[in-house]
Amino acid sequence: MISGALEIVAASMAAGLTQHAALHPLDTLKVRLQYSRGTPMTSSVRGALGDAMRDLELPPGVGAAPRKKPPKESRFWRAPLVVDLVGASRLLKSMPIRSLYAGLGPSLLAVVPTALVYMPTYEAAAAALQAAGAPAPLIAPAAGVATGIACSVVR
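Counting from 1, residues in each chain are numbered in the order their sequence is written. Where local features are concerned, this predicted model is filtered to residues with pLDDT of at least 70; where side-chain atom pairs are given and counted, the filter is 80 or more; whole-chain, interface and lining totals use all residues. Calculation of side-chain values draws on the structure's entire complement of heavy atoms; hydrogens and water are dropped beforehand.

Q: How would you sum up the overall build of the protein chain? Please name residues and give values.
A: Numbering of helices and strands runs from the N terminus; a helix is a DSSP stretch of H or I covering at least four residues, while a strand is a stretch of E covering at least two. Each helix and strand counted, the protein chain has five helices and zero strands in total. Counting from the amino terminus, helix and strand elements in the protein chain follow one another as α-α-α-α-α. Accessible area is worked out with a 1.4 Å probe on protein chains only. A residue is then buried under 20% of its type maximum, exposed over 50%, and partly exposed in between. Burial analysis of the protein chain (155 residues in total) assigns 19% to the buried set. Note on areas: Shrake-Rupley, 1.4 Å probe, and residue coverage restricted to the protein chains presented here. Carbon and sulfur atoms provide 68% of the accessible area of the protein chain, an area that totals close to 11,400 Å².

Q: Quick rundown of the pattern of salt bridges? Include the residues and the values.
A: Pairing between side chains becomes possible if they bear opposite charge and their charged atoms approach one another. Definition used for salt bridges: Asp or Glu carboxyl oxygen within 4 Å of a side-chain nitrogen of Lys or Arg. Counted by the stated rule, this structure contains one salt bridge. Between aspartate 27 and lysine 30 there is a salt bridge; the shortest N-O distance is 3.4 Å. With aspartate 27 and lysine 30 both in helix 1 (residues 5-37) and three residues apart, this pair spans about one turn of that helix. In this structure lysine 30 comes out as partly exposed when scored by relative accessible area, which is 42%.

Q: Any details on the nonpolar core? Residues and values, ideally.
A: Formed by Leu29, Leu33, Ala88, Leu91, Met95 and Leu100, the largest nonpolar core amounts to six residues. Listing elements by their share of this core, those giving two or more residues are helix 1 and helix 3 (80-94). Whether two residues are in contact is decided by their heavy atoms, any of which lying within 4.5 Å being enough. Setting aside residues up to four positions removed in sequence, leucine 91 forms contacts with Leu29, Arg32 and Leu33. We call a set of buried residues a nonpolar core when its members are Ala, Val, Leu, Ile, Met, Phe, Trp, Tyr or Cys and they connect through side-chain atoms within 4.5 Å of each other.

Q: Give a detailed account of the layout of surface pockets, specifying residues and quantitative values.
A: Grid spacing is 1 Å over the protein atoms alone, the probe is 1.4 Å, and a cavity is where that probe fits but cannot get out, while a pocket is an open set with protein on both sides within 12 Å along at least five of seven lines and lining residues have an atom within 4 Å of a point. Grid points are joined across faces, edges and corners, and a volume is the space filled by probe spheres set on the points. For the second largest pocket, the calculated volume is near 220 Å³. Forming the walls of the second largest pocket are Ser12, Ala15, Gly16, Gln19, His20, Val111, Thr114, Ala115, Tyr118, Met119, Cys151 and Arg155. Contributing elements (two or more residues each) for the lining of the second largest pocket: helix 1 and helix 4 (104-131). Of the residues in the lining of the second largest pocket, the class split is six nonpolar, five polar and one charged. The nonpolar class holds Ala, Val, Leu, Ile, Met, Phe, Trp, Tyr, Cys and Pro. Asp, Glu, Lys and Arg form the charged class, and all remaining residues, Gly among them, are polar.

Q: Could you give an account of the environment of isoleucine 149, naming the residues involved and the relevant values?
A: Tracing the backbone through its elements, the reader meets isoleucine 149 in helix 5 (residues 136-154). Between the C-alpha atom of isoleucine 149 and that of threonine 121, which follows or precedes it by 28 residues, the distance is 9.8 Å.

Q: Describe helix 4, naming the residues involved and giving the relevant values.
A: Given a rise of 1.5 Å per residue, 28 residues ought to cover 40 Å, and the 41 Å separating the end C-alpha atoms of helix 4 matches this to within 8%. The axis of helix 4 is deflected most strongly, by about 35 degrees, at threonine 114. When we look at burial in helix 4, the residues that qualify are Leu104, Ser107, Val111, Thr114, Ala115, Pro120, Ala125 and Ala126. Here, expected helix span is obtained from the residue count minus one, scaled by 1.5 Å. Bend is computed residue by residue as the angle between axes fitted to the seven residues ending at the residue and the seven residues starting at it.

Rendered as structure tokens:
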């Protein structure tokens, strides 16, 4: 048995719950940004659909009026990071901040099994590798691999 096993489990739980509680709003914002993008209709698609609809309404032999070209945007406003920041600021303006914490309870409950396994597995693997005489530079990575496998099984 690992000395201080209860402290290790408590620390693992506290770390996992704190991490998820702190990062849950960012994850929620990320998901909402991805959902809001969905399959957006660009101005060219919207314009093409509008032209097609106008063509259906015109009598035969009469062509559609030429469409105005949209104003040219600089490449800065099309950069992925800028698009994400602008989208995030628009989302934050349109919804209450407390909505970013929607679903926090189930998310925290999902952390519990992994948090119970994470640090105790790491400590046990590191102690076993050290007792087996493994080279010091390999102990941490090998213990991390064992921890990853154990957490994957639990999930």
